[in-house]
Amino acid sequence: WRAPSPKMPPGFDIMARPVFGFFGPRQKILGTEVSGDVVAVGISDSRPPVDAFNYNNFDLENRPAAPGETQPVACWVSADAGYLETLGVRLLEGRLLTRDDERAHAPPVIVVDERWAERHSRGERVLGKRMREGGSTEGPCTTVVGVVSEVPYAGVSGETGGTVYAPWTGLVDPFVVVRTRGASD
């Protein structure tokens, strides 16, 4: 692992808030409690700066791909309500994912990063924008409820086209991220 380049910050404060990630079975993770020097815990199917395992295509409801045109693609991270807070990602607009978003029949919502917002907003506000994901042109729409600072998932100089954070589904064994107290805490 190398420190991020000055051109592309990691999206979170790596010096003041140590973050550790490891892989483990879901049943052990769900019982994790925050105590002692642990400040926050989150789970996800991806880890910055280079572990993005899911890229998904989508169609914006107000700007679908034209016939024969390829749909846009973005890094798609499934994360629980604690993940973005644990990384120290900044909320720029709207809200973060919540535990209620993870419920089976919750309305489909996502949080996007600022690169995704810039790329797909055309100067319009992205909160409330709706899309259909995974190549679907019918069915329920997913709504953007928040915008966060950018975190690299394709290396510190790699291009992802922006990142989408979707509520944790529990379909894969997760990575756990843990933030501990730093020297300045």
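Note: the structure precedes this text.
Below is a short write-up of the structure. (Residues numbered from 1 in each chain as written. Predicted model: local features only at pLDDT ≥ 70, side-chain atom pairs only at ≥ 80, totals over all residues. Heavy atoms only, no water.)

### Structural notes on the layout of surface pockets
Think of a ball as big as a water molecule: rolled over the atoms, this probe shows where empty space is left.
Phase 1 of the analysis: Size it by volume and the largest pocket reaches roughly 520 Å³.
Phase 2 of the analysis: Around the largest pocket, the lining comprises 29 residues; the ones closest to its centre are Trp76, Glu133, Ala166, Pro167 and Thr169.
Phase 3 of the analysis: Counting residues per element, the ones that place at least two in the lining of the largest pocket are β4 (73–79), β6 (109–113), β7 (130–133) and β9 (163–167).
Phase 4 of the analysis: Counted by class, the lining of the largest pocket contains 14 nonpolar, seven polar and eight charged residues. (1 Å grid on protein atoms, 1.4 Å probe; cavity = no way out; pocket = protein on both sides within 12 Å on 5 of 7 lines; lining within 4 Å. Points joined across faces, edges and corners; volume = space filled by probe spheres on them. Helix = DSSP H or I, 4+ residues; strand = E, 2+ residues; numbered from the N terminus. Nonpolar A, V, L, I, M, F, W, Y, C, P; charged D, E, K, R; others polar.)

### Thoughts on the pairing of strand β8 (residues 142–148)
Phase 1 of the analysis: Counting buried positions over the seven residues of β8 gives six, a clear majority of the element.
Phase 2 of the analysis: With three bridges joining them, strand β5 (residues 91–94) and β8 adopt antiparallel strand pairing. Its bridge partner being in β8, glycine 94 is matched across the sheet by glycine 146.
Phase 3 of the analysis: One ladder, built from five bridges, connects β6 with β8; its direction is parallel. Following the sheet pairing, valine 109 is matched in β8 by threonine 143.
Phase 4 of the analysis: Strand direction decides the pairing type here: β7 and β8, joined by two bridges, are antiparallel. Counted as the bridge partner of methionine 131 is threonine 142 from β8. (Buried < 20%, exposed > 50% of the residue type's maximum accessible area, 1.4 Å probe, protein only. Pairing = 2+ DSSP bridges.)

### Regarding empty space enclosed by the protein
Phase 1 of the analysis: Taken as a whole, this structure holds one cavity of 30 Å³ or more when the rule is applied.
Phase 2 of the analysis: Roughly 40 Å³ of volume is contained in the largest cavity.
Phase 3 of the analysis: Along its surface, the largest cavity is lined by Leu60, Asn62, Arg63, Trp116, His120, Ser121, Val126 and Lys129.
Phase 4 of the analysis: In terms of residue count, helix α3 (residues 114–121) provides more of the lining of the largest cavity than any other element does, three residues in total.
Phase 5 of the analysis: Its residues assigned to classes, the lining of the largest cavity shows three nonpolar, three polar and two charged.

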